[in-house]
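Read off the chains here:
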Number of protein chains: 2
Amino acid sequence: MQWVKVLGGVLGGAALLGLGIILGHFAIPKKPTTASSKEAQDLDLKLLESVLGQLDANRIRDNLRELARAPHLATSPRDEELVQLLLQRWEDPKSGLDVAVAPQYQVLLSFPDTQPNSVSVVSPSGEILFSCRQSEENLTGEQGGSEVVRPYAAYAPPGTPQGLLIYANRGSEDDFKELQAQGINLTNTIALTRYGGVGRGAKAINAAKFGVSAVLVYTDPADINDGKSLPNETFPHSWGLPPSGVERGSYYERFGDPLTPYLPASPSSFRLEPSTVSGFPPIPTQPIGFGDAQELLCNLQGSVAPAAWQGALGCEYKLGPGFQPGGNFKDSQVNVSVHNRLELKNSSNVLGIIRGAVEPDRYVLYGNHRDSWVHGAVDPSSGTAVLLEISRVLGTLLKKGTWRPRRSIVFASWGAEEFGLIGSTEFTEEFFSTLQERAVAYINVDISVFANATLRVQGTPPVQSVVFSAAKQITAPGPNKLSVYDNWIRYFNRTSPVYGSIPSLGTLGAGSDYAPFLHFLGITSMDIAYTYDRSKTSARIYPTYHTAFDTFGYVDKFVDPGFSSHQAVARMAGSVLLRLSDSLFLPLSVVDYNETLHNFLRAAQQDLAALLEQRGISLGPLVTAVEKFEKAAAALNQRISELQKSQPNPLQVRMLNDQLMLLERAFLNTRAFPEELYYSHVLWAPRTGPVVTFPGLANACARATSAGSGPAEWAEVHRQLSIIVVALEGATATLTSVTDL
Amino acid sequence: MQWVKVLGGVLGGAALLGLGIILGHFAIPKKPTTASSKEAQDLDLKLLESVLGQLDANRIRDNLRELARAPHLATSPRDEELVQLLLQRWEDPKSGLDVAVAPQYQVLLSFPDTQPNSVSVVSPSGEILFSCRQSEENLTGEQGGSEVVRPYAAYAPPGTPQGLLIYANRGSEDDFKELQAQGINLTNTIALTRYGGVGRGAKAINAAKFGVSAVLVYTDPADINDGKSLPNETFPHSWGLPPSGVERGSYYERFGDPLTPYLPASPSSFRLEPSTVSGFPPIPTQPIGFGDAQELLCNLQGSVAPAAWQGALGCEYKLGPGFQPGGNFKDSQVNVSVHNRLELKNSSNVLGIIRGAVEPDRYVLYGNHRDSWVHGAVDPSSGTAVLLEISRVLGTLLKKGTWRPRRSIVFASWGAEEFGLIGSTEFTEEFFSTLQERAVAYINVDISVFANATLRVQGTPPVQSVVFSAAKQITAPGPNKLSVYDNWIRYFNRTSPVYGSIPSLGTLGAGSDYAPFLHFLGITSMDIAYTYDRSKTSARIYPTYHTAFDTFGYVDKFVDPGFSSHQAVARMAGSVLLRLSDSLFLPLSVVDYNETLHNFLRAAQQDLAALLEQRGISLGPLVTAVEKFEKAAAALNQRISELQKSQPNPLQVRMLNDQLMLLERAFLNTRAFPEELYYSHVLWAPRTGPVVTFPGLANACARATSAGSGPAEWAEVHRQLSIIVVALEGATATLTSVTDL
């Protein structure tokens, strides 16, 4: 019996062991390996909340004080000091990033000479009766010093023309035509114009076409100060622009380094001859303050300017030419002496990278320019202060080892933006291939706080959803504790046929560094800021923009005391950044392009269809293309929903995300706008025609219906229509199930 | 004690159970789930072997007999019948694919009119002394019938010029200069030229520049028959071209539908006015047989043509102008009457898709054109016969459920290739976005067997390794049982500094449908065929090319009796296709670009550096760029080896494969060759300069050093150099670790 027992025991033991093995193998789920769990991981909402909680208003204020401590014009010693500051922050062992580098480009900039530019009233005998200020008034002790660059129009050519003064409103082509219609001989005149309406460079380009020999530009108090112009009504007594304040700016009509279009400006690169560059102002141009402009404008003779041309300088604006016979400037001319010079300079970008844990080859880019005109507290340091705070908080998590994003994050501090988005454009030229292959989105926060009333976001439609998600989660500054979203909708809203009443997202032009990312590379982009209560001001922009009065004290006292709006922008941008870098499915809602396409199509149908039909061009293919896109976008949305419910494998998610990422790229056509530089996005290129539709179609129709047009212009209309249809079909194919050609 | 025993038993049992659980859980590896095992699965070599074994020579022969049964000129009824045949095969329930579709484009073709084109010798009194044949001799009963299109030069304009005949060799610009140098007045002459040397259309374009009013083109027996020209030496007595045989062809100098460059030729598309198209022959042009050419050429008067211009028509070639005074054609002129007309026609592509199991959004494309000039047994049906056999074998596996490729496979039968790669080009225009995003490679098998001696592969360098792998595994036809590789190396070989003696891969021009894939889209491409023993023939191409004598019987008797070379090509193409679609890591060896770059660089250094330095242009940045590329490619290779040793997760493999796939794309620059259509690959665009280096640099240097050049031409040299450097840097970035910008 004993052996039976033993046998029984052994058998029983073996059975138990076997059962154990079976249980162990089948019943206890193996913990997934770190790799696969990491690959399936979605955005960690607790981590997101913690990050937003750590974004600190005081630190942003400290950053701003340091960044705006001194003027940091592009390539100036202080600009290079800030390069080092950024490198130091991003290389910090406790709060730095994985990599920080500061590559340089050799780019063509424009500076005033040591011999100052001048604008004078010269009597017939050659006596100087009046001279405009050559620099701004030193009101708070910050506006003096050699580092404050004198007001000038960058890229305006040197020259010393002299002639009778005329007033040309905003310097649009129509404005000069109006002057001609009034019988004024524009040849060899000096045109006084005001900022706004058309771009800076366009004023000089338009003027030159009419024989004008120099252009002066000033900021009218009606456009910037809600009419206020007296010293005691303006800075430092309010946020208003003081009479001596002058808006500097680039007068180059295009963007990127002017000598190396489509090529990164390496020292050895091919360069155009400066004389062959198109887009520079053709005649000397100089900006002046409204204090000086008043002296000139209020002394003009001639017909009274049209009502819409009148401003707030406290006199009736007349057109000229020349000064009133009864005044001090009788028979005098205006002399404009411009001594700007072009110079090849080394400009740095600073790049800071956090490598992605799962998809390191997918990049979420976040950038702002670093260079300013003077101290640049608002523009751009308010944005850089936010950038540094976001990178500090994320860098700290990274260095602690508690977090690494799914996708790579690339922080960028661009150089020489003020001269025409130069640092960012050269970057997109250098990394053209990899960015087109891998960039998920570009987030731009240039001026982070124009004013402290409300969020303002510009972007392509797919960013709407991620921006809304972020805005709903963050509390707006102010007493009533609304969400940023609920506050926003009070200021900017629209009725969407899909969503009802929602905040209104703006579109992207070429006002900051997002331009090359969107227009040249087709990367989904956005620009985030806090801005004005438009019921309280109609200012073109914050009043000290590009002047010596844009200082830390100005921000601290007038723009955002307490920095709570800065903090709100940091939280918005940080939240959008984390959502884009960490979400399993990219939070880009391609279906939100449907409204844009629908609106563009409707406008074309209402305002152009009859015209086109007369020429035998049908909108039918466009209608079909839009319908197909809408269906494909909806189907993709549906597929995402289904996949989210299941447990999709990482490759499935990746394939779908590739479709979302590449949609914007499919709208590019490098042959659509042969006269433009960089613009190739068939939905967002500049639109000059009056109909708010596809820009290529709108512009071609405007040209075809203008005087002197013929079959070639109508052929171009048809070509543009085909380009749009093909782009939509390509975009549809990108969204359609990947195996159906 | 009992309870102690019981306790001991229980504890022991528990321990055993526990041990079992532990062993079961940890010591026995869990079988990976189906999903993840599928994702990690590599090429199945047994399946590959089985597929190659099933590719049947007799079935290829049967396919060819059916395909070449009747003439199937693009858009003819028989062409459309073959569309249906392809659809039927690819929709077959037992051997079909997942999807088969036949989209159409509306494209501009050129056909002879019902009024036949003619070439006659006309006496001074207007008597017709001699007329060239209007169709080929019906030697085997297959060359007659209304479906055989009469010989013509597609896209040559109509017209009936008459003038003195001259002999202009191959019609190159130098040939016409030579005639001028000989004092011959070319104005209003008719130029007799022979095929070869320059492209078809170039002969007419060159001629027109010299005032010539029409061009005749014939095939000299020296160029096609190794000198043989007698009826009993040629088809049907040998594979030689008979005297009446005429090579048809497209005389359009570019490719794609001529009216819709860069746009898919949908019915509603914008179209150019035909009169504005550049690249059509400017003067009437007509091809004739060498029997007729002999009659004309051997009667010419004038100086004896240079030795290099002499041919095998059995007389001494003279230059003209006009005929010998002692002959029958004394004082006669030649009249050329061309009645070609342009016509918009619907041309079909046929696409057959096998959806990928793991990465359906990665496409391996395999195509050939379907249209022929006449029966087109060799061109293109020998390729289509192979295509159908490969798709049958794979389709059968698919329908049985035993196999589905990792990536999607797209089979294509292109329309209207003979008129200028039209079907394939329109396809690349329509699917521009998705193909750029997703296409892994394009395999072209047009003429599969030119002759039965050896493999011949043209492709971009990354395909070399996969082609070699396939060629080593397949037995070549013939008695000595060599591998295709070992046979190949006997005919075409070179010494590689990396690999030693290897078969020599050719480069891709624009001779078949791979052109838009490579040049326009930057998709890694190759063309696979069996071809001549060059020690036995110097024929330009197989003798009946584009004539009515290219029939099934011709192939069966002369080109590949037994179809073993067809089978070898099928196995080669099938193996390459499966390796590309099923391998875990894409079998594209980017490191093999190093030799190309090195050779291009060395040529530039040897032949251009001194010249460039005189103009202050340094090759230094190019040297650096090539070195960096080489390092990055080597590092990537290293990384692949390491990953292959580990168990890489599917996302890691995907990221790496994306780098391999996108490398070729990074060499594109749409602004590099503004005068060309579609060409944008900076390494493979057409090179006209004499130095075998980067084409943009070679061409720009050739222009800059030619007569009348100035600073603008030297600026273009520098621009081209910068474009190449930037493309290399972009390609390097694509290969570099994905997180290092």
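Residues numbered from 1 in each chain as written. Chains lettered and ligands numbered in written order. Predicted model: local features only at pLDDT ≥ 70, side-chain atom pairs only at ≥ 80, totals over all residues. Heavy atoms only, no water.

### A few points about the overall build of chain A
Piece 1. Looking only at helices and strands, one finds 23 helices and 21 strands in chain A.
Piece 2. Taking 741 residues into account, the globule formula puts the C-alpha radius of gyration at 27 Å, and chain A, at 29 Å, falls close to it.
Piece 3. Based on the C-alpha atoms only, the size of chain A along its principal axes is roughly 140 × 65 × 55 Å.
Piece 4. Counting the 741 residues in chain A, one finds 61% classified as buried.
Piece 5. Of all intrachain contacts in chain A linking residues separated by at least 6 positions in sequence, the fraction that spans at least 24 positions is 79%. (Helix = DSSP H or I, 4+ residues; strand = E, 2+ residues; numbered from the N terminus. Rg over C-alpha atoms; globule rule 2.2 N^0.38 Å. Buried < 20%, exposed > 50% of the residue type's maximum accessible area, 1.4 Å probe, protein only. Contact = heavy atoms within 4.5 Å.)

### Notes on the packing of helix α18 (residues 593-607) of chain A against helix α20 (residues 620-645) of chain A
Geometrically, a packed helix pair is captured by the angle between its two axes and the distance between the axes.
Residues and elements named next belong to chain A.
Piece 1. Packing of α18 against α20 leaves a shortest axis separation of 10 Å and a crossing angle of 165°. In terms of orientation, α18 lies roughly antiparallel with respect to α20. Where α18 crosses over α20, the handedness of that crossing is left-handed. Residues Tyr593, Asn594, Leu597, His598, Leu601 and Gln605 of α18 form the contact with α20, whose own contacting residues are Leu622, Val623, Val626, Phe629, Glu630 and Ala633.
Piece 2. The residue inventory of the contact of α18 with α20, partitioned by class, reads 8 nonpolar, 3 polar and 1 charged. (Axes fitted to C-alpha atoms, helices over the stretch in contact; angles between N-to-C directions. Parallel < 35°, antiparallel > 145°, perpendicular 65-115°, else oblique. Left-handed = near helix turned anticlockwise from the far one by under 90°. Nonpolar A, V, L, I, M, F, W, Y, C, P; charged D, E, K, R; others polar.)

### A closer look at the state of the cysteines
Residue and element names in this part refer to chain A.
Piece 1. Enumeration according to the criterion identifies 2 disulfides over all chains in this entry.
Piece 2. Between the sulfur atoms of Cys298 and its disulfide partner Cys315 the distance amounts to 1.9 Å. Across the S-S bond of Cys298 and Cys315 the torsion is about -75°, and the bridge reads as left-handed. Note that Cys298 is positioned in the loop between α9 (290-297) and β12 (333-337) and Cys315 in the loop between α9 and β12, a separation of 17 residues in sequence.
Piece 3. Owing to a relative accessible area of 22%, Cys315 belongs among the partly exposed residues under this scheme. (Disulfide = S-S within 2.5 Å.)

### Some remarks on the sheet that holds strand β6 (residues 162-163) of chain B
Where strands meet in a sheet, backbone hydrogen bonds hold them as pairs that are either parallel or antiparallel.
Residues and elements named next belong to chain B.
Piece 1. Taken in spatial order, the 4 strands line up as β4-β3-β12-β6 in an open sheet, and their pairing is antiparallel. The outermost strands of the open sheet, each flanked by one partner alone, are β4 (128-131) and β6.
Piece 2. Bridge analysis of strand β3 (residues 118-122) against strand β12 (residues 333-337) gives 5 bridges, and the strand direction is antiparallel. Paired with Ser118 across the strands is Ser337, a residue of β12. (Pairing = 2+ DSSP bridges.)

### Some details on the environment of Phe255(B)
Residue and element names in this part refer to chain B.
Piece 1. Among the secondary structure elements, Phe255 is positioned in the loop between β10 (249-250) and β11 (285-287).
Piece 2. Take Phe255: its relative accessible area is 6%, and that puts it in the buried class.
Piece 3. Between the C-alpha atoms of Phe255 and Glu426, which are 171 residues apart in sequence, the distance is 10.0 Å.
Piece 4. Apart from residues no more than four positions distant in its own chain, Phe255 is found in contact with Gly420, Leu421, Thr425, Ala510, Ala515, Pro516, Tyr678 and Tyr679.

### With respect to the pattern of salt bridges
Residues and elements named next belong to chain B.
Piece 1. As enumerated under the stated definition, the model contains 59 salt bridges over all chains in all.
Piece 2. The shortest N-O distance in the salt bridge between Asp62 and Arg65 comes to 3.2 Å. Taken together, the residues Asp62 and Arg65, both in helix α4 (residues 57-67) and 3 residues apart, mark about one turn of the helix.
Piece 3. Classification of Asp62 as partly exposed rests on a relative accessible area of 40%. (Salt bridge = Lys/Arg side-chain N within 4 Å of Asp/Glu carboxyl O.)

### Notes on the sheet that holds strand β7 (residues 165-167) of chain A
Residue and element names in this part refer to chain A.
Piece 1. If you trace the 4 strands from one edge of the open sheet to the other, you get β7-β8-β9-β11, paired in parallel fashion. Across the chains shown, the open sheet's two edge strands, defined by having one partner strand only, are β7 and β11 (285-287). Taken over all neighbouring pairs, the strand axes of this sheet differ in orientation by 25° on average, direction set aside.
Piece 2. Across 3 bridges, the pairing between strand β9 (residues 214-218) and β11 is parallel. Residue pairing for β11: Val217 is matched across the bridge by Pro287.
Piece 3. Most of the contacts of helix α7 (residues 200-209) go to β9, to which it runs at about 145°, and overall it touches β8 (190-194), β9 and β11.

### Thoughts on the UniProt feature "domain: Transferrin receptor-like dimerisation" (unreviewed entry) in chain A
Piece 1. In the numbering adopted here, UniProt assigns the feature "domain: Transferrin receptor-like dimerisation" (unreviewed entry) to residues 617-735 of chain A.
Piece 2. Structurally, residues 617-735 of chain A comprises 66% helix and 0% strand, and the distance from its first C-alpha atom to its last is 28 Å. (UniProt positions renumbered as here; feature names shortened; annotations may be inferred.)

### Topic: the pairing of strand β19 (residues 493-496) of chain B
Piece 1. Judged from the 4 bridges that link them, β19(B) and strand β20 (residues 500-503) of chain B form a sheet pairing that is antiparallel. Among the inter-strand pairings, Arg494(B) is bridged to a residue of β20(B), identified as Ile502(B).

### A short note on the confidence of the model for chain A
Piece 1. Across chain A, the average pLDDT comes to 95, with 95% of residues at or above 70.
Piece 2. A low-confidence stretch, residues 29-35 of chain A (pLDDT under 50), is modelled with 8 contacts involving residues beyond four sequence positions or located in other chains. (pLDDT = per-residue confidence, 0-100.)

### Structural notes on the domain arrangement of chain A
A common measure of how large an interface is: the accessible area buried when the components associate.
Residues and elements named next belong to chain A.
Piece 1. Segmentation of chain A into domains returns domain 1 (45-102 + 349-541 + 552-582), domain 2 (104-132 + 148-343) and domain 3 (590-735).
Piece 2. Here domain 1 and domain 3 have C-alpha centroids that lie 29 Å from each other.
Piece 3. Across the boundary between the two partners, domain 1 contributes 31 residues, which contact 19 residues of domain 3.
Piece 4. Both faces considered, domain 1 and domain 3 share a buried interface measuring about 2100 Å² in area, 50% of it formed by carbon and sulfur atoms.
Piece 5. Scanning the region where domain 1 abuts domain 3 turns up 4 salt bridges.
Piece 6. Across the salt bridge formed by Arg654 and Glu359, the nearest N and O atoms sit 3.0 Å from each other.
Piece 7. Contributions of two or more residues to the side of domain 1 that touches domain 3 are made by β15 (359-369), α11 (422-430), α12 (432-438), β17 (439-444), α13 (464-473), β19 (493-496) and α15 (514-520).
Piece 8. By residue number, the principal contributor to the side of domain 1 that touches domain 3 is α12, which donates 4 residues. (Domains from an automatic or database assignment. Buried area = accessible area lost by both parts, 1.4 Å probe.)

### Some thoughts on the environment of Val626(A)
Residue and element names in this part refer to chain A.
Piece 1. Relative to the elements of secondary structure, Val626 occurs in helix α20.
Piece 2. Spatially, the C-alpha atoms of Val626 and Lys94 are 51 Å apart, while their sequence positions differ by 532 residues.
Piece 3. Residues in contact with Val626, not counting those within four places in the same chain, are Leu597, Leu601 and Leu728.

### So, helix α17 (residues 564-582) of chain A
Piece 1. Taking 1.5 Å of rise per residue, 19 residues should cover 27 Å, and α17(A) covers 26 Å from first to last C-alpha, within 8% of that figure.
Piece 2. With 17 of 19 residues buried, α17(A) is to be regarded as a mostly interior element. (Expected span 1.5 Å × (residues − 1).)

### Considerations on the packing of aromatic side chains
All names here are of chain B.
Piece 1. Taken as a whole and judged by the stated rule, the model has 84 aromatic pairs over all chains.
Piece 2. Both rings, one in Tyr155 and one in Phe280, keep their centres 5.1 Å apart while their planes meet at 10°; by these two values the pair is stacked. Here Tyr155 is found in the loop between β5 (153-154) and β6, whereas its partner Phe280 is found in the loop between β10 and β11, with 125 residues between them in sequence. Pair check on accessibility: Tyr155 and Phe280 agree, each one buried.
Piece 3. The interplanar angle of 70° and the centroid separation of 5.0 Å between the aromatic rings of Phe323 and Phe329 together place this pair among those described as edge-to-face. As far as burial versus exposure is concerned, Phe323 and Phe329 are alike and both buried. (Phe/Tyr/Trp six-rings, centres within 6.5 Å; stacked < 30°, edge-to-face > 60°.)

### So, the pairing of strand β16 (residues 407-414) of chain A
Residues and elements named next belong to chain A.
Piece 1. Along β16, 8 of the 8 residues are buried, which leaves the element largely enclosed by surrounding structure.
Piece 2. The sheet contact formed by strand β14 (residues 350-354) and β16 spans 5 bridges and is antiparallel. Bridge pairing in β16 links Gly352 to Phe411.
Piece 3. In this region the chain leaves β15, passes through helix α10 (residues 377-400) and returns to the parallel neighbour β16; the handedness of that crossover is right-handed. (Right-handed = clockwise from strand over helix to strand, strands pointing away.)

### Thoughts on α9(A)
Piece 1. The set of residues buried in α9(A) consists of Phe290(A), Asp292(A), Ala293(A), Leu296(A) and Leu297(A). Buried residues of α9(A), seen end-on, are gathered within an arc of 150° and therefore sit on one face of the element. (Arc of directions from axis to C-beta.)

### Observations concerning the side chain of Arg665(A)
All names here are of chain A.
Piece 1. Along the chain, Arg665 falls in helix α21 (residues 650-666).
Piece 2. No salt bridge is formed by the buried Arg665, whose closest oppositely charged neighbour, Glu664, lies at an N-O distance of 7.5 Å.
Piece 3. With residues near it in sequence (within four places) discarded, Arg665 still touches Leu435, Gln436, Glu437, Arg438, Ala439, Leu521, Gly522 and Ile523. (Lys, Arg positive; Asp, Glu negative; His and termini not counted.)

### Here's the deal with the environment of His72(A)
Residues and elements named next belong to chain A.
Piece 1. Structurally, His72 can be placed in the loop between α4 (57-67) and α5 (77-90).
Piece 2. Assessed through its relative accessible area of 0%, His72 is described here as buried.
Piece 3. Spatially, the C-alpha atoms of His72 and Leu82 are 8.1 Å apart, while their sequence positions differ by 10 residues.
Piece 4. Residue contacts for His72: discarding those within four places in its chain leaves Leu67, Arg78, Asp79, Leu82, Arg370, Asp371, Ser372, Val374, His375, Pro380 and Ser381.
Piece 5. Within the structure, the side chain of His72 is placed 3.0 Å from the backbone oxygen of Ala70, a separation counted as a polar contact. (Polar contact = N/O pair within 3.5 Å; in protein donor to acceptor, adjacent residues only side chain to side chain.)

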